[in-house]
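Now for the letters of each chain:
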Amino acid sequence: MSDYEYHSSYRSSRRSGAAGRHTGSSREARRRARRRRAVLRLSLLVIAAAALVFLLVALLNKYHIEMSRPEEDAVEVAYGEEFKMPEVTALYKGSLLHRRGTPVEVRRTGTVDTSKPGTYELVWTAEHRNIKGTCKLTVNVVDKTSPVITLNGTDVLFLTQNGQDTDPGVTAVDEIDGDLTAQVKVGGNVDITKAGQYQRTYTVSDTSGNEITVAREVRVVVGEVDPEGRVIYLTFDDGPGPYTQQLLDILDKYNVKVTFFVTDQFPKYRDMIAEEAKRGHTVAIHSQTHDFATIYKSTDAYFQDLDAMNEIIKAQTGEYANIVRFPGGGSNTVSRHYKVGIMTELAQMLEEKGFKYADWNVDSDDAGSARTSDTVYENVTRLCKGRKASVVLQHDIKQFSVEAVERIIQWGQENGYRFLPMDQTSPMAHHKINN
Ligand SMILES: [Zn+2]
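Residues numbered from 1 in each chain as written. Predicted model: local features only at pLDDT ≥ 70, side-chain atom pairs only at ≥ 80, totals over all residues. Heavy atoms only, no water.

Student: How should I be thinking about the overall build of the chain in this particular structure?
Tutor: If you tally the helices and strands in the chain, you get 10 helices and 22 strands. Whereas a compact globule of 435 residues would reach a radius of gyration of roughly 22 Å, the chain reaches 50 Å, over 25% beyond that. Overall, the chain is about 170 × 55 × 35 Å in size when its C-alpha atoms are taken along their principal axes. The buried share among the 435 residues of the chain stands at 37%. By sequence separation, contacts in the chain at least 24 residues apart represent 68% of the contacts at least 6 residues apart. Accessible area of the chain: about 24,500 Å², with a carbon and sulfur share of 51%. Each charge class in the chain can be summarised by its mean position, and for the 54 positive and 58 negative side chains these summaries are 26 Å apart. (Helix = DSSP H or I, 4+ residues; strand = E, 2+ residues; numbered from the N terminus. Rg over C-alpha atoms; globule rule 2.2 N^0.38 Å. Buried < 20%, exposed > 50% of the residue type's maximum accessible area, 1.4 Å probe, protein only. Contact = heavy atoms within 4.5 Å. Areas by Shrake-Rupley, 256 points an atom, 1.4 Å probe, with all protein chains shown as cover. Lys, Arg positive; Asp, Glu negative; His and termini not counted. Charge placed at Lys NZ, Arg CZ, Asp CG, Glu CD.)

The following block contains the structure:
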């Protein structure tokens, strides 16, 4: 039996029962009514409170558009490179309610043209029920490539002291700005009133600020200038010896590079071979023994001597030499005493083995009748004058010859000559082979 049934049956039994107990039962009914009212009031209060909370939540719930924005506010793209447009999406969502959100269409304004340097603004917007979302990205298309400057004329410009500055100029081109030749600024330290070696610089910037500078060597010389420039290859045989160090220091003073045809006649000075290479000179093979009777008795004997010398060179410089000069030169006739025809054979064999052999076309005669620095200087300058490519023979084991070098260099630099070390492409100034 439920409570309700119990109360109903109780009530009916009371009604059918004694009337004398009426007063007590009406008090009971009043109490029950009171309790019902209390329950009702409480229920209303709870409902009101719940409504209030809901109202508050609804009032506090703010809707907004959430946009997936690009990672950065501004990006840089190199001119000509591809720009990848970022994907931007938007959600309409509430802060308290509807928090998963609803996707909203996104519209973009602005484009990026990477073929034109500049600043591009991209704006993405989304709108739903009067709520707007927006995000921005600045794209800077930048030119990072410098203009190109090309020298007109030769790398080395020869000018006559106190004469006209006949600089042929340069051409400057930028892939975006086009021809910038007119904007090129010329700098450097050229003093046309004073013979010497100078640098002239040419500088230009494009509109994006990429700067480039190229330099040209300028030689201010005394007297007429050969427009092509003439070259002197100073070469020194039979060392290293006691005067090699002195010679290296003179060459350094003028930043002149030469060629040493080395021997092992003075093993005490072997480490000078390393020093020659270290200072930028060419180390070439002359002979280990420099003994004609030994090396010219057979081709085997010659190459045994040459290989031994080349091993010493390798040990000193880390590299084998590939230029050779015969003791006595290619035209020597002394070798006939030891083996007929050997020079012809050796010249061919050297070429076959990948060597080049050099003779000379300017003889200082320091191994002949020249006995003083003055004579060496006079011989060399007289024979170099007007010659396009001079290969000068000197010996760094002769002090008077070493002491002529400074004046020879000064004369050459003042008169428009370049001093170069030999390599396999240099003129070899071959003599006529006589054996
Ligand atoms: Zn020699």
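Picking up where we left off.
Student: Please explain the domain arrangement of the chain as it appears in this structure.
Tutor: When the parts of a complex come together, some accessible area is lost, and that lost area is often used as the size of the interface. For the chain, the assigned domains are domain 1 (63–142), domain 2 (148–221) and domain 3 (230–419). The C-alpha centroid of domain 3 is placed 37 Å from the C-alpha centroid of domain 2. Opposite the 7 residues of domain 2 that make contact, domain 3 presents 6 residues. Taken together, both faces of the contact between domain 2 and domain 3 bury some 510 Å²; the carbon and sulfur share is 55%. Per-residue buried area on domain 2 facing domain 3 is highest for Phe158, Arg219 and Val221; these three make up 61% of the total on that side. There are 0 salt bridges connecting domain 2 and domain 3. (Domains from an automatic or database assignment. Buried area = accessible area lost by both parts, 1.4 Å probe. Salt bridge = Lys/Arg side-chain N within 4 Å of Asp/Glu carboxyl O.)

Student: Even after reading the chapter, I still don't get unusual backbone geometry, so can you show me in this structure?
Tutor: Most peptide bonds are trans, and most residues other than glycine sit at a negative phi. Note the cis peptide between glycine 239 and proline 240, where omega equals -5 degrees. Its location among the elements puts proline 240 in the loop between strand S15 (230–237) and helix H3 (244–253). Backbone geometry places asparagine 162, a non-glycine residue, at a positive phi of 60 degrees. The class for asparagine 162 is exposed, based on a relative accessible area of 56%. Of note in this structure, aspartate 238 is not a glycine but carries a positive phi near 75 degrees. Along the chain, aspartate 238 turns up in the loop between S15 and H3.

Student: Is there a simple way to think about the coordination of the zinc ion in this case?
Tutor: All of the protein donors around the zinc ion are Asp238 (OD), His286 (NE2) and His290 (NE2); their distances to the metal are 2.1 to 2.2 Å. In the primary structure, the donors to the zinc ion are separated according to the pattern D-x47-H-x3-H. Of this pair, aspartate 238 sits in the loop between S15 and H3 while histidine 290 sits in the loop between strand S17 (282–287) and helix H5 (292–295), and the two are 52 residues apart along the sequence. (Donors = N, O, S within 2.8 Å, 3.2 Å for Na, K, Ca; no water.)

Student: What's the story with helix H4 (residues 271–278) in this structure? I'm lost.
Tutor: Residue pairs spaced three or four apart in an α-helix point in one direction, given the helix's 3.6 residues per turn. Within H4, burial applies to Met272, Ile273, Glu275 and Glu276. For H4, the angular spread of buried residues about the axis comes to 160 degrees, placing them on one side. Buried positions along H4 lie against H3, strand S16 (259–263), S17 and helix H6 (299–317). One or two positions beyond H4, positive phi appears at glycine 280, with a value near 95 degrees. (Arc of directions from axis to C-beta.)

Student: Even after reading the chapter, I still don't get the side chain of histidine 286, so can you show me in this structure?
Tutor: Here histidine 286 shows up in strand S17. A polar contact is formed between the side chain of histidine 286 and the side chain of histidine 290, at a distance of 3.1 Å. Excluding anything up to four places from it in sequence, histidine 286 contacts Asp237, Asp238, Phe261, Val262, Thr263, Arg325, Phe326 and Pro327. (Polar contact = N/O pair within 3.5 Å; in protein donor to acceptor, adjacent residues only side chain to side chain.)

Student: What am I meant to see in the layout of surface pockets here?
Tutor: Any empty space left between the atoms is revealed when a probe the size of a water molecule rolls over them. The computed volume of the second largest pocket comes to approximately 200 Å³. Lining the second largest pocket are 13 residues, with Thr282, Val283, Glu319, Tyr320 and Ala321 sitting closest to its centre. Going through the elements one at a time, S17 and H6 are the ones with two or more residues in the lining of the second largest pocket. (1 Å grid on protein atoms, 1.4 Å probe; cavity = no way out; pocket = protein on both sides within 12 Å on 5 of 7 lines; lining within 4 Å. Points joined across faces, edges and corners; volume = space filled by probe spheres on them.)

Student: Help me understand the sheet that holds strand S8 (residues 148–151), please; the structure alone is not making it clear to me.
Tutor: What holds strands together in a sheet is hydrogen bonding between their backbones, with the strands either parallel or antiparallel. Taken in spatial order, the 3 strands of this open sheet run S8-S10-S11, and their pairing is antiparallel. The outermost strands of the open sheet, each flanked by one partner alone, are S8 and strand S11 (178–179). Sheet analysis places S8 next to strand S10 (residues 170–174), joined by 4 bridges and oriented antiparallel. If you follow threonine 150 over to S10, its bridge partner there is threonine 171. (Pairing = 2+ DSSP bridges.)

Student: Any chance you could explain the packing of H4 against H6 here in plain terms?
Tutor: Each packed pair of helices is defined by two parameters, the angle between the axes and the distance between the axes. As a packed pair, H4 and H6 sit with axes 8 Å apart at the nearest point and diverge in direction by 60 degrees. The angle between H4 and H6 falls in the class oblique. As H4 packs across H6, the resulting crossing turns out to be right-handed. Contacts from Asp271, Ile273, Ala274 and Ala277 in H4 reach Met309, Ile312, Gln316 and Thr317 in H6. Looking at side-chain class alone, the contact of H4 with H6 contains 5 nonpolar, 2 polar and 1 charged residues. (Axes fitted to C-alpha atoms, helices over the stretch in contact; angles between N-to-C directions. Parallel < 35°, antiparallel > 145°, perpendicular 65-115°, else oblique. Left-handed = near helix turned anticlockwise from the far one by under 90°. Nonpolar A, V, L, I, M, F, W, Y, C, P; charged D, E, K, R; others polar.)

Student: Looking at this structure, how should I read the pattern of salt bridges?
Tutor: Opposite charge on two side chains makes pairing possible when the charged atoms of those side chains draw close. Counted by the stated rule, this structure contains 20 salt bridges. Across the pair aspartate 252 and arginine 279 runs a salt bridge, and its minimum N-O distance is 3.0 Å. Residue aspartate 252 is found in helix H3, and its partner arginine 279 is found in the loop between H4 and S17; the two are separated by 27 residues along the sequence. Several salt bridges share partner residues, and in doing so they unite Asp249, Asp252, Glu275, Lys278 and Arg279 into one network.

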